[in-house]
Amino acid sequence: MTNKELQKTANEVRKGIVTAVHAAGAGHPGGSLSAADIFTYLYFEEMNINPEKPADPDRDRFVLSKGHTAPGLYSAMAQRGYFPVEELTTLRKLGSRLQGHPSMQYLPGLDMSSGSLGQGISVACGMALSAKLNNKDYRTYTLLGDGEIEEGQVWEAAMFAGFRKLDNLVVIVDNNGLQIDGPIDEVCSPYPIDKKFEAFNFHVINVDAHDFDALRAAFKEARETKGKPTAIIAHSLKGKGVSFMEGQVSWHGVAPNDEEYAKAMDDLNKIGEALEA
């Protein structure tokens, strides 16, 4: 896909996030929006996947370690064809396949049920090691929040991945600088994130999470890196695309009301119109 096609798709993903969270009356829009470009690049450009064969044993794997941003993952999956976009409005509703955190029990195409923060990267390590042990070529990707990496289990997993030289593993950190309780450097600072991963024998790439040229180069570099897992530190803007949500920790886990929803969709529609110009 061209950059403009990716930008248009990411904008649709953002519309789906806002629509889903508004319909549910609950959810996590801020971190879903900051990661929308990452979800888009993974599902439309990077990963070897086929929505018609969601259980293909040779598919690439994805683990959403920060499982509360499921609206972002669901919206990208819907745009990619795993299920109808209209189903996004069932988020968190009784009987819906779209639970508040990803559940493999309900939705084909999910590689892991997740949401207990800090645990997803450990599962991703296991998937990557399994590929190595079974001489499989599939790659494993996992997305973590920058607040999430304050969890100790993340670093146990990082130590394991580096020691095992899991060069088929890509750890992506959505570094938007905000977590539920405030700025990450005021809650329990994980900085410097890049130096920490380097200390655990990772190849580290810092990247603008909203620049598709930069994302393309980063994932290419990750594929070409041998003997080490890769950590992509994706510097992002919480609430990206919705003017009143951008950079606001208050939108970590709050749904927009009807008036706010209309304003958010107006913002995103204007972005879409500009991309068509």
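In this text, all values refer to a predicted model and were calculated from it rather than measured experimentally.

Quick look at the UniProt feature "domain: Transketolase N-terminal" (unreviewed entry) in the chain now. According to UniProt, the feature "domain: Transketolase N-terminal" (unreviewed entry) maps to residues 7–264 in the numbering used here. Taken end to end, residues 7–264 has its terminal C-alpha atoms 17 Å apart, with 40% of it in helix and 13% in strand.

A full pass over the atoms with the stated rule returns nine aromatic pairs. The interplanar angle of 80° and the centroid separation of 6.0 Å between the aromatic rings of Y43 and F62 together place this pair among those described as edge-to-face. Placement of the pair is Y43 in helix α3 (residues 36–46) and F62 in strand β1 (residues 61–64), with a sequence separation of 19 residues. Here Y43 falls in the buried class, since its relative accessible area comes to 3%. Look at F62 and you get buried, because its relative accessible area is 4%. Taken together, the ring pairs connect F39, Y43, F62 and Y82 into an aromatic cluster.

Glancing now at helix α5 (residues 120–133). Look at α5: 20 Å from first C-alpha to last across 14 residues, which is about the 20 Å you get at 1.5 Å a residue. Every buried residue of α5 is listed here: G120, I121, A124, C125, M127, A128 and A131. Buried residues along α5 cover an arc of 160° about the axis, so they all sit on one side. Of the residues flanking the end of α5, it is N135, one or two places downstream, whose phi is positive at about 55°.

Within strand β7 (residues 230–235), five of the six residues are buried, which leaves it mostly tucked inside the rest of the structure. Bridge analysis of strand β3 (residues 169–175) against β7 gives six bridges, and the strand direction is parallel. For D174, the partnering residue across the bridge sits in β7 and is A234. Pairing of strand β6 (residues 203–208) with β7 involves six bridges; the strand directions are parallel. Bridge assignment links V207 to a residue of β7, and that residue is A234. The β-α-β motif built from β6, the intervening helix α9 (residues 212–224) and the parallel element β7 has right-handed crossover chirality.

Quick look at unusual backbone geometry now. Residue Y191 is joined to P192 through a cis peptide bond whose omega torsion reads -5°. Looking at the secondary structure, you find P192 in the loop between α7 (184–187) and α8 (193–199). Phi at R92 is positive, roughly 65°, even though this residue is not glycine. Residue placement: R92 occurs in the loop between α4 (70–80) and α5. With relative accessibility at 35%, the residue R92 sits in the partly exposed group.

The rules we used
- Residues numbered from 1 in each chain as written.
- Predicted model: local features only at pLDDT ≥ 70, side-chain atom pairs only at ≥ 80, totals over all residues.
- Heavy atoms only, no water.
- UniProt positions renumbered as here; feature names shortened; annotations may be inferred.
- Helix = DSSP H or I, 4+ residues; strand = E, 2+ residues; numbered from the N terminus.
- Phe/Tyr/Trp six-rings, centres within 6.5 Å; stacked < 30°, edge-to-face > 60°.
- Buried < 20%, exposed > 50% of the residue type's maximum accessible area, 1.4 Å probe, protein only.
- Expected span 1.5 Å × (residues − 1).
- Arc of directions from axis to C-beta.
- Pairing = 2+ DSSP bridges.
- Right-handed = clockwise from strand over helix to strand, strands pointing away.

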